[in-house]
Amino acid sequence: MSRQTMTFTALGSGSKGNAFAIQSGDSVILVDAGFSCRELCCRLTRAGIAPDSVQAVLLTHDHTDHACGCRVFCDKMQIPLYSASLTVDYLDNMECLPARVFEFQAGSRFELAGFEVSTFPVSHDACDPVGFVLRKGETSLGIATDLGIADDTVRNALTGCNMLVFESNYDLAMLETSKRPPMLKKRIRSFKGHLGNTDSMQELTRLISEETRMVTLVHVSRECNDYTLVEEAAREMLSSIHREDLYLDVARQEDIRAPFTFDRSGAQ
Ligand SMILES: [Zn+2]
Ligand SMILES: [Zn+2]
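Residues numbered from 1 in each chain as written. Chains lettered and ligands numbered in written order. Predicted model: local features only at pLDDT ≥ 70, side-chain atom pairs only at ≥ 80, totals over all residues. Heavy atoms only, no water.

**Some remarks on the sheet that holds strand β4 (residues 56–58)**
Here is the rule we go by: Note on pairing: two strands pair once DSSP finds at least 2 bridges between them. Helix and strand assignments follow DSSP, with helices taken as H or I runs no shorter than four residues and strands as E runs no shorter than two, numbered in order from the N terminus. For every element, the axis is a line fit to its C-alpha atoms; helices are fit only across the contacting stretch, and the angle between N-to-C directions ranges from 0 to 180 degrees. Here a residue-residue contact requires only that any non-hydrogen atoms of the pair lie within 4.5 Å.
Read across the open sheet, the 7 strands follow the order β6-β5-β4-β3-β2-β1-β14; overall the sheet is mixed. Two strands bound the open sheet, and with one partner strand each, they are β6 (101–104) and β14 (260–262). Mean inter-strand twist for the sheet, computed between neighbouring axes without regard to direction, equals 25 degrees. As paired elements, strand β2 (residues 19–24) and strand β3 (residues 27–31) share 5 bridges and run antiparallel to each other. Pairing of F20 across the sheet is with V31, part of β3. Against the sheet, helix α1 (residues 37–46) engages β1 (6–12), β2 and β3, with an angle of about 135 degrees to β1.

Take a look at the structure:
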């Protein structure tokens, strides 16, 4: 495997759990560990990744569907959790912090298992929510999930990434007609909530550049959205910008997805 090859695997995504594996050479890290340690190990194994090969977990924010497996998984594998400062404080108060923790400020950069990691703040109703850009050589992957709006900070961070992992949470009509309480609907739609399909697709037309080869849509609501609907909207969006060549995927809640490998030749 060349130094600039990077493989992304969606181990699962949605309001009941999120975890993503990123591999490059011998480096393996997870973004989020929102499943039980046991479930996480099962999904990693199914993806052909030895759980004990994971070197660290990067955490986007403190919500259970992203953080619930962090303590047990990190402690069992004896690996560090990388988390934004206020998220660390919150998890500490909840007694959910693993033994090894690396704390960072949202907006900072650091080196992790051979990846250069850039962090950026996102707008969401959590303590200190962030997104990440992971770089290895000239290859880059950007991930932003659980965000009410994509502001200039998000755009600056994600523009030019070879691989984009981006939220497409709800279909507005399905959200409005759902049985969810009005307060919850309002929260989801707010700038501190989640990105709906329309906003997500509109945003992707800005974020996708010549360098982009893959888009994976994540955190699709099971009650207020539909995988097929998201895929159709994404295909329409890609067609509108003449980028049907992009590898497109929609992460699932119940199961892992096939890995996507990017190398600089552009081959999958
Ligand atoms: Zn979430
Ligand atoms: Zn969240």
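**Digging into the coordination of the zinc ion (ligand 1)**
For the record, the criterion: Because water is not among the atoms used, a metal site may look incomplete, as its donors are only the N, O and S atoms within 2.8 Å, or 3.2 Å for Na, K and Ca. Four donors are marked tetrahedral only if all angles between them lie between 85 and 135 degrees, whereas four are marked square planar and six octahedral if opposite donors are more than 155 degrees apart and the other angles lie between 65 and 115; the remainder are marked irregular. The buried label goes to any residue with under 20% of its type's maximum accessible area, the exposed label to any with over 50%, and the partly exposed label to all in between, with areas taken from a 1.4 Å probe on protein chains only.
Distances from the zinc ion (ligand 1) to its protein donors, D65 (OD), H66 (NE2), D146 (OD) and H219 (NE2), fall at 2.1 to 2.2 Å. Taken together, the 4 donor atoms coordinating the zinc ion (ligand 1) span angles of 90 to 166 degrees at the metal, a pattern that classifies the geometry as irregular. The distance between the zinc ion (ligand 1) and the zinc ion (ligand 2) comes to 3.5 Å, with D146 serving as a donor to both metals. Of the two residues examined, D65 and H66, each falls in the buried class.

**What to know about the coordination of the zinc ion (ligand 2)**
Within the protein, the atoms that donate to the zinc ion (ligand 2) are H61 (NE2), H63 (ND1), H124 (NE2) and D146 (OD), at distances of 2.2 to 2.4 Å. Its 4 donor atoms give the zinc ion (ligand 2) angles of 90 to 168 degrees at the centre, a pattern that matches the irregular case. Read N to C, the donor residues that coordinate the zinc ion (ligand 2) are spaced as H-x1-H-x60-H-x21-D. You can call H63 buried: its relative accessible area is 18%. On the basis of relative accessible area, H124 is assigned to the buried category, the value being 1%.

**Overview of the packing of aromatic side chains**
Selection rule: In summary, the pairing rule links any two rings of Phe, Tyr or Trp, Trp by its six-membered ring, whose centres are within 6.5 Å, and it sorts them by plane angle into stacked for under 30 degrees, edge-to-face for over 60 and tilted for everything else.
By the definition in use, this model includes 7 aromatic pairs. Pairing F8 with F20 gives two aromatic rings, centres 5.9 Å apart and planes at 20 degrees, and the pair type is stacked. With F8 in strand β1 and F20 in strand β2, this residue pair connects regions lying 12 residues apart in the sequence. Judged by relative accessible area, F8 falls into the buried class, the value being 2%. The exposure class of F20 is buried, given its relative accessible area of 0%. Here the aromatic rings of F102 and F110 are separated by 5.2 Å at their centres, their planes lie at 50 degrees, and the arrangement is tilted.

These figures capture arrangement, not role.
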